[in-house]
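# Chain and residue survey
One letter stands for each residue in the lines below.
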Amino acid sequence: MTSFVYAGARQKITIFVVINLLIAGYLGYALVAPASSIKTTLLPGTTTHGHYQIELDCNACHARDMSFIQDSCVRCHADELKLAGDTHPASKFNDPANAELLRVLDAQKCVTCHSEHVPEQTRPIGVTLPLDYCWHCHQDVADNRPSHRGMTFDSCATVGCHNYHDNSALYEKFLDSHHGESERLETRLVRTRDFSQRWRSQRPDRYPLLPEHADNPVRADNSNADVVERAVVDWADTGHAASGVNCSECHQSDSNDSSTWSDQVEMAACGNCHQAEVETFGQGRHGMRLAAGMSPMQPKFARLSMHSDAAHRELTCNACHPGHRFDTRYAAVQACLNCHADSHSSSYQGSGHAVLWQKELAGELPADSGVSCATCHLPRIESSDATLVTHHQNFNLRPIEKMIRSVCGNCHGLQFSLDSLADPELSLNCYSTAPSRTVESIDMAHRWFEAQSQKRSRRKQP
Amino acid sequence: MKRKFLIGTFTLALGASVVATIAVGTSGCGSTEAALTPPTGISPQKFADGVHAVMMADRTVYATHVVTRLKKQSSPVTADEYWEDAENAIPLPAQMFRMGATLVDENPQAGFNYALRSNWPLNEQNHPKSDFEKKALEYIGEHPGENFYGEEELGGKKYFVAAYPDRAVAEACWSCHNEHPNRGDGYPEFAKDDVMGGVIVRIPL
């Protein structure tokens, strides 16, 4: 009897030890495993909208001991902050005289305001501080700006007033200089794309190619003849053929060695010529998984509503620029709507913007006057010597006022743009109706400059 | 006793060797002659005076030979506070000065930082921030031609701090300040040679 009880206890202990060893082994493997679903167990809480795509790649943000690496924020976000003329860069607080302020709010660490895995305290654009954070350093703002008297500090960063980092479309002089603008500007055009022109001007030895120039190898048994014929017909009508880019340049790793031919084209091949497009694609939500070395993003991973039949599509260049046509007009609208099923996307076809786009396609309006999904979400950015179509689809969405300079301001006055962006209903109906609220900041800035000008005049009077 | 003496001698010799090694290592010169030269250095005050001289020289050259020259030649290029958004615009001398301070702030090798402060700043962020800065601005305002030196502790670190008067040297400077929308009601009417603020140079000790 005693021996039976003893054996039972030993069996329980053995089971207990084995279970614990299995759990420890599972967790241990999860720690060292590459980015995959096994790491889900380690997630301490829901990740923000900006990072969940790569949440299983713990090392994107954490060291091996799971401590957080500040440089990981800088690695992905430094360029865009610099481009925005960050009004609170970490270096601003290097001045030792700010030591006391930093003791209250360490503005040199991103996580002071943007913690991760804390959904219960995460606000729009990943802010995890109470929204009155400006108070810590700007308590006396009303002394110099009496118009701000009585305003609460949780209203500073509402749309149309201030942002912590990007105030490029909100600083006083900008607001004042756009005071009184009409709802629609006289000229309503976006920048003209210039990639082909630049590419060709750098390669004067290239000439337009015709179907008979295509160097696509047809197999000896002619088994791929149909595919080749269709591909060549499509290709001959593209900018690639017009720019002298032959089949082998994308399909062969060595364009002089036909044995390196591959039917599949890697994104790296696209990046040989479209470097900026591939690079910016990796910065947005469509491509950030690939940039992190993970599998491509698929609509099934998305938190926004997606069409169920699109769930397993993989987002690479070819997802929006399919086949051999690489049709940018298709990529600008239909490619988006094939996956996106949220209210904003579904409302696009009924919007005034879509009407303009259709008219541009029909030749009833000039080029660059229509508004597609890409017009707003893959905006054309001016660099020193080129107009770049950024493929970072989130480039101008956080904060939303980023859209003013890159998109809205091409066609609309500042007041109408701010009012529209501040109206949550319009975001849902894809800006199909007029805004129902008025942002006061432009009038406030204008009144301020007027008052100061009057004071100046009075001072000059004898 | 003898043992203690030997240990003491050895310790002294080791100490001297370490000092000599540090002296050679920090002299920035690898020659034998330099290694034999007794270590010398400059005081924080001398260093601060030196970097301040360079800052002011650069700003004066920019104000005189770039900004004023463009104006005299009626060039379409002008210095503008909102130069980033304005056509044919370059930064004001004070902005050029502050941009330099930002670059130094971003450079971990610089070993010092500097800032413009004023009791009448056009940008509220340029008010004196510490008690030392307040005292320094008061002193250089009341003692024309003098600088103010001292030490202060900020965030648990000790600094040597030098404050230099920032004077109204070019008409464009004081007229722009006097006319600026951000000037408060009690703002002084600045004129030539007035102390408009101070340049603070801070060196960690």
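## A word on the overall build of chain A
For chain A, the count of helices and strands is 23 helices and two strands. Its C-alpha atoms put chain A at 95 × 90 × 45 Å along the principal axes. When each of the 462 residues of chain A is scored for burial, the buried share is 22%. The contacts in chain A between residues at least 6 apart in sequence include a share of 56% that link residues at least 24 apart.

## With respect to the overall build of chain B
On a plain count of helices and strands, chain B comes out with six helices and six strands. Secondary structure elements of chain B, listed N to C terminal, follow the sequence α-α-α-β-β-α-β-α-β-β-α-β. Taken over 205 residues, chain B has a buried fraction of 22%. A separation threshold of at least 6 residues defines the contact pool for chain B, and within that pool the share at least 24 residues apart is 55%.

## Here we look at the sheet that holds strand β3 (residues 113-117) of chain B
All names here are of chain B. Here four strands make up an open sheet; going across it, the order is β3-β6-β5-β4 and the pairing antiparallel. Each of the sheet's edge strands pairs with one partner strand only, and the pair in question is β3 and β4 (148-154). For this sheet, the mean angle separating the axes of adjacent strands, direction not counted, is 30°. In terms of strand pairing, strand β5 (residues 157-167) meets strand β6 (residues 195-204) through nine bridges, oriented antiparallel. Considered in β6, the bridge of D166 is made with G197. Here helix α5 (residues 131-142) sits on the sheet and contacts β3, β4, β5 and β6; the angle it forms with β6, its principal contact strand, is near 135°.

## Brief notes about the interface of chain B and chain A
One frequent convention defines the size of an interface as the accessible area lost when the parts assemble. On the chain A side, the residues contacting the 20 residues of chain B number 15 residues. Contributing elements (two or more residues each) for the side of chain B that touches chain A: α4 (93-106), β3 and β5 of chain B. The dominant element in the side of chain B that touches chain A, judged by the number of residues it contributes, is α4 of chain B, at three residues. Residues of the side of chain B that touches chain A, tallied by class, amount to five nonpolar, five polar and 10 charged.

## Observations concerning the pairing of β3 of chain B
Residues and elements named next belong to chain B. Counting buried positions along β3 gives four out of five residues, so the element sits mostly inside the fold. In this structure, β3 lies alongside β6, joined through five bridges in antiparallel fashion. Opposite R117, over in β6, you have G198 as the bridge partner.

## Comments concerning the packing of helix α3 (residues 44-72) of chain B against α4 of chain B
Residues and elements named next belong to chain B. Their axes nearest at 9 Å, the elements α3 and α4 cross at an angle of 145°. For the pair α3 and α4, the crossing hand works out as right-handed. Residues M55, R59, Y62, A63 and V67 of α3 pack against P93, M96 and F97 of α4. Split into classes, the residues belonging to the contact of α3 with α4 amount to seven nonpolar, no polar and one charged.

## Remarks on the environment of P96 of chain A
Structurally, P96 of chain A is set in the loop between α2 (70-83) and α3 (99-104). On the basis of neighbour count, P96 of chain A is assigned to the buried category, with 22 C-beta atoms found within 10 Å. Look past the residues within four positions of P96 of chain A in its chain and what remains in contact with it is L154, G155, K157, Y159 and R202 of chain B.

## Focus: unusual backbone geometry
Residue and element names in this part refer to chain A. Here the amide bond leading from R398 into P399 is cis, since omega sits at -10°, within 30 degrees of zero. Note on placement: P399 falls in the loop between β2 (387-389) and α20 (402-406). For D368, which is not glycine, the phi torsion reads 70° and is therefore positive. Looking at the element boundaries, D368 is found in the loop between α18 (352-361) and α19 (373-377). The class for D368 is partly exposed, based on 15 C-beta atoms found within 10 Å. One non-glycine residue, Y431, lies in positive phi territory at about 55°. Looking at where Y431 falls in the secondary structure, it is placed in the loop between α22 (424-428) and α23 (441-460).

## Description of α3 of chain B
Residues and elements named next belong to chain B. Counted at 1.5 Å a residue, the expected span for α3 with its 29 residues is 42 Å, and the 40 Å between its end C-alpha atoms agrees. In the core, the buried residues of α3 are packed alongside β1 (78-79), α4, β5, α6 (171-179) and β6. Two residues or fewer after α3 comes S74, characterised by a positive phi angle close to 50°.

## Re the environment of A110 of chain B
Within the secondary structure, A110 of chain B is located in the loop between α4 and β3. Distance from A110 of chain B to I203 of chain B, taken between C-alpha atoms, is 9.8 Å for residues 93 residues apart in sequence.

## Topic: the confidence of the model for chain B
All names here are of chain B. In this model, chain B carries an average pLDDT of 83, and 81% of its residues clear a pLDDT of 70 or more. For residues 1-35, every residue scores under 50 in pLDDT, and the model assigns this stretch five contacts once sequence neighbours within four places are set aside. If you check the scores for this complex, the pTM reads 0.86 and the ipTM reads 0.79.

Each value, and the rule that gives it
- Residues numbered from 1 in each chain as written.
- Chains lettered and ligands numbered in written order.
- Predicted model: local features only at pLDDT ≥ 70, side-chain atom pairs only at ≥ 80, totals over all residues.
- Helix = DSSP H or I, 4+ residues; strand = E, 2+ residues; numbered from the N terminus.
- Buried ≥ 20, exposed ≤ 12 C-beta atoms within 10 Å, placed from the backbone.
- Contact = placed C-beta atoms within 7 Å.
- Pairing = 2+ DSSP bridges.
- Axes fitted to C-alpha atoms, helices over the stretch in contact; angles between N-to-C directions.
- Nonpolar A, V, L, I, M, F, W, Y, C, P; charged D, E, K, R; others polar.
- Left-handed = near helix turned anticlockwise from the far one by under 90°.
- Expected span 1.5 Å × (residues − 1).
- pLDDT = per-residue confidence, 0-100.

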